[in-house]
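Coordinate analysis (summary)
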Amino acid sequence: MNHLTAEFPAPLIEVRHVVKAFGEVVVLDDVSFAVRPSEVTCIIGPSGSGKSTLLRSLAFLEDYGGGEILIEGELLGYTDRRGKRERASEADINRVRRHVGMVFQQFNLWPHMTAVQNVAEALLRVRRLPAAVARARALAMLDRVGLAAWADRHPARLSGGQQQRVAIARALAMEPHIMLFDEPTSALDPERVGEVLQVMKSLASDGMTMVIVTHEMGFAAQVADTVIFLDHGKIAAQGAPEVLFHDETQPRLRQFLQNYFDRNAFWARRDA
Amino acid sequence: MSIPFDVAILTDALPAIARGLAITIGVWITGAVSGLGLGLVVAGAQMLTGRWVRLGLRAYIEVFRGTPFLVQLFILYYGGPSVGLKLPPLAAGILALGLYGGAYFSEAFRSGFESIPPGQLEAAQCLGLSRLQIIVRIQFPQMLVIVLPALTNLIIVLCKETAVLSVVTVPELTFVLTGIGTEKFAFVETLLTLCVCYWLLVELASRLGLMVEHRVSRFLELSGS
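Residues numbered from 1 in each chain as written. Chains lettered and ligands numbered in written order. Predicted model: local features only at pLDDT ≥ 70, side-chain atom pairs only at ≥ 80, totals over all residues. Heavy atoms only, no water.

1. Thoughts on the layout of surface pockets
All names here are of chain B. Convention followed: Cavity means a closed set of points on a 1 Å grid over the protein atoms alone, one where a 1.4 Å probe fits but cannot get out, pocket means an open set with protein on both sides within 12 Å along at least 5 of 7 lines, and lining means a residue has an atom within 4 Å of a point. Grid points are joined across faces, edges and corners, and a volume is the space filled by probe spheres set on the points. Labels follow the DSSP assignment, with helices taken as runs of H or I lasting at least four residues and strands as runs of E lasting at least two, numbered in each case from the N terminus. Just so you know the grouping, Ala, Val, Leu, Ile, Met, Phe, Trp, Tyr, Cys and Pro go in nonpolar, Asp, Glu, Lys and Arg go in charged, and all remaining residues, Gly too, go in polar.
Volume-wise, the second largest pocket comes out at about 360 Å³. For the second largest pocket, the lining is made up of 14 residues, of which Thr-152, Ile-155, Ala-205, Leu-208 and Gly-209 are closest to its centre. Listed by contribution, the elements that provide at least two residues to the lining of the second largest pocket are α2 (14–48), α7 (131–161) and α9 (187–220). Classifying every residue of the lining of the second largest pocket by side-chain character gives twelve nonpolar, two polar and no charged.

Rendered as structure tokens:
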């Protein structure tokens, strides 16, 4: 293995044989993959395929029954106590995921705080930065997502796209090494999708390591290094988008992708 | 036909009535404040502690919501001395009000805490905020706005429950006025005055509650999203 590790940098995320079940229903079935620094991985698949559960597991918002998730080489969520697996303490979990940022479908901003307060909160309470420093950094983050002018607005007075950009700024403020996105544009008006994808593209080109659950196939095709197709909790196909999106050998993947091709057929015809 | 209404009975006893009113307001406020404090602690503790403490807290809530306030007061005041808890009427009254109110307040707070969307808490968790920080910084301020109408209601109920303290000789408004009523055989004057006084207090509290509600909900801009 040594010749391999010399050639590739160590993965930031390693998922090894992860299994999760809700009662009888198996949600994740022996899932394994790795994400290396600056890689963008998109997870696609039909609803109920377990893609959100998988992503949430990477921030330990979901526990997992078997297997291992390593974040920068450290086991996430569990400790090994005399050969027995035990749930790690809150402090331990927070330590392992301190460099993981998460962006949610529903933005999950705190409505009683302004945009800049949302971004500064963790800098104040977790990093314990002085108020002025935290605010300055929060403003810089809002500027990065194009919202410096909206810093003192409450979420209720921002559009969905703006709220999601604040949520991205909030995660970025903590200087994550990895950003997780759980269907970040699915709750947005179609007109607002572009501004969020634009921010994500610029993150990708800055070298941010990202794992993205998405239905935006065009975005995945442009930005992803690896696309993972999840079906019934299993990785059914995995590869570079230019290969995977034209893979004719997998009927389930073809069928899934066909829906998107059909929806976009209008444009394809005009282009032809 | 006319109901005899002798104003002199009231004006003659005005200082005593005023003292009674002052005591009513005093026990009401101290009782409500201690009830609010207790309720908040109980609601918070239910989120932070383990199963056994939680079970104890649930038992407290069930007992104090499930039995009449009058009976609780009797047990505390007359039963207390047998376990070494000998309280003067006023202290017993305030303590009983606080315990009774605390059970209701804690339930209001708990439902308020639970109504915060879990996604907001997950976001906070991912950013590394501790459980306590999430409660204090994220849940608490939003919870307060949500439960404000319920709190106003409960505070109004407590106002009227202070009348019960008269049975353990707390010299509050009901005690004073019913005393005058029996002594002078002037029930119409005294009971009517009593009603008007409580009604005024309740009206004042509900107006105040509405004012606070308007202020904070405008400040927090929670409506719509």
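After presenting the structure, the write-up continues.
2. Considering unusual backbone geometry
In terms of backbone geometry, most residues other than glycine have negative phi values and most peptide bonds are trans. Residues other than glycine seldom take positive phi values, yet Phe60(A) does so here, at roughly 55°. In this fold, Phe60(A) is placed in the loop between α2 (51–58) and β4 (66–71). The residue Thr169(B) is not glycine, and still its phi comes out positive at about 65°. Along the chain, the position of Thr169(B) falls in the loop between α7 and α8 (173–184).

3. As for the packing of aromatic side chains
Residue and element names in this part refer to chain B. What counts, and what does not: Only the six-membered ring of Trp is used, alongside the rings of Phe and Tyr, when aromatic pairs are assigned; centres must lie within 6.5 Å, and planes under 30 degrees apart are stacked while those over 60 apart are edge-to-face, with the rest tilted. Using a 1.4 Å probe on the protein chains alone, a residue whose accessible area is under 20% of its type maximum counts as buried, one over 50% counts as exposed, and one in between counts as partly exposed.
All told, the structure shown has eleven aromatic pairs over all chains when counted by the stated rule. A centroid spacing of 5.1 Å and a plane angle of 50° characterise the contact between Tyr-60 and Phe-64, whose relative ring orientation is tilted. Taken together, the positions of Tyr-60 and Phe-64, both in helix α3 (residues 51–66) and four residues apart, correspond to about one turn of that helix. Side by side, Tyr-60 and Phe-64 carry an identical accessibility label, which is buried. Ring geometry for Phe-69 against Tyr-100: centres 4.9 Å apart, planes inclined by 45°, an arrangement best described as tilted. Taken together, the residues span a long stretch of sequence, with Phe-69 in helix α4 (residues 69–79) and Tyr-100 in helix α5 (residues 89–114) at a distance of 31 residues. The exposure class of Phe-69 is buried, given its relative accessible area of 3%. Under the relative-accessibility criterion, Tyr-100 is labelled buried at 9%.

4. Thoughts on the pattern of salt bridges
Note on pairing: side chains with opposite charge can pair once their charged atoms come close. The condition is simple: By convention in these notes, a salt bridge is any Lys or Arg side-chain nitrogen within 4 Å of a carboxyl oxygen on Asp or Glu.
In this structure the tally under the stated criterion is 26 salt bridges over all chains. As a salt-bridge pair, Glu14(A) and Arg16(A) come within 3.5 Å of each other at their nearest N and O atoms. For Arg16(A), a relative accessible area of 34% puts it in the partly exposed group. Glu121(A) is paired through a salt bridge with Arg125(A); the nearest N and O atoms lie 3.3 Å apart. Highlighted residues: Glu121(A) and Arg125(A), both in helix α4 (residues 115–125), separated by four residues, approximately one helical turn. Look at the salt bridges and you will find they share partners, linking Arg58(B), Glu62(B), Arg65(B), Glu107(B), Arg110(B) and Glu114(B) into a network.

5. Some words on the interface of chain A and chain B
Counted only if it meets this: Working rule for contacts: check all heavy atoms of both residues, and any pair within 4.5 Å makes them a contact. Note: buried area is the sum, over both parts, of the accessible area (probe 1.4 Å) each one loses when the two are combined.
Across the contact, 27 residues belong to chain A and 24 residues belong to chain B. Here chain A packs against chain B, burying approximately 2200 Å² in sum over the two surfaces, 58% of which is carbon and sulfur. The partner of Arg56(A) in a salt bridge is Glu122(B), and the shortest N-O contact between them spans 2.7 Å. Here the side of chain A that touches chain B is built from residues that sort into 14 nonpolar, five polar and eight charged.

6. Quick word on α3(B)
Residue and element names in this part refer to chain B. Operational definition: One fewer than the residue count of a helix, multiplied by 1.5 Å, yields its expected span. Summarising the geometry, the arc corresponds to the directions from the helix axis toward the C-beta atoms.
Taking 1.5 Å per residue as the helical rise, α3 with its 16 residues ought to reach 22 Å, and the 22 Å between its terminal C-alpha atoms agrees with that figure. Taken as a whole, α3 has its buried residues at Leu-57, Tyr-60, Ile-61 and Phe-64. For α3, the arc enclosing every buried residue in end-on projection is 95°, short of the 170-degree limit, so these residues lie on one face. Of the exposed residues in α3, those oriented more than 90 degrees away from the buried face are Arg-51, Trp-52 and Gly-66.

7. Here we look at helix α6 (residues 160–172) of chain A
Taking 1.5 Å of rise per residue, the 13 residues of α6(A) would be expected to cover 18 Å, and the 18 Å separating its terminal C-alpha atoms lies within 8% of that figure. Counting buried residues in α6(A) gives twelve out of 13 residues, a clear majority hidden from the surface.

8. Some details on the pairing of strand β3 (residues 40–44) of chain A
All names here are of chain A. Note the threshold: The rule for pairing is simple: two strands pair if DSSP sees at least two bridges between them.
For β3, a buried count of five out of five residues is recorded, marking the element as mostly surrounded by other parts of the structure. Of the two faces of β3, the one lined by Val-40, Cys-42 and Ile-44 and the one lined by Thr-41 and Ile-43 are each fully buried. Where β3 meets strand β10 (residues 209–213), four bridges bridge the pair, whose relative direction is parallel. Residue pairing for β10: Val-40 is matched across the bridge by Met-210. Pairing between β3 and strand β11 (residues 226–231): four bridges, direction parallel. Counterpart to Thr-41 in the pairing with β11 is Thr-226.

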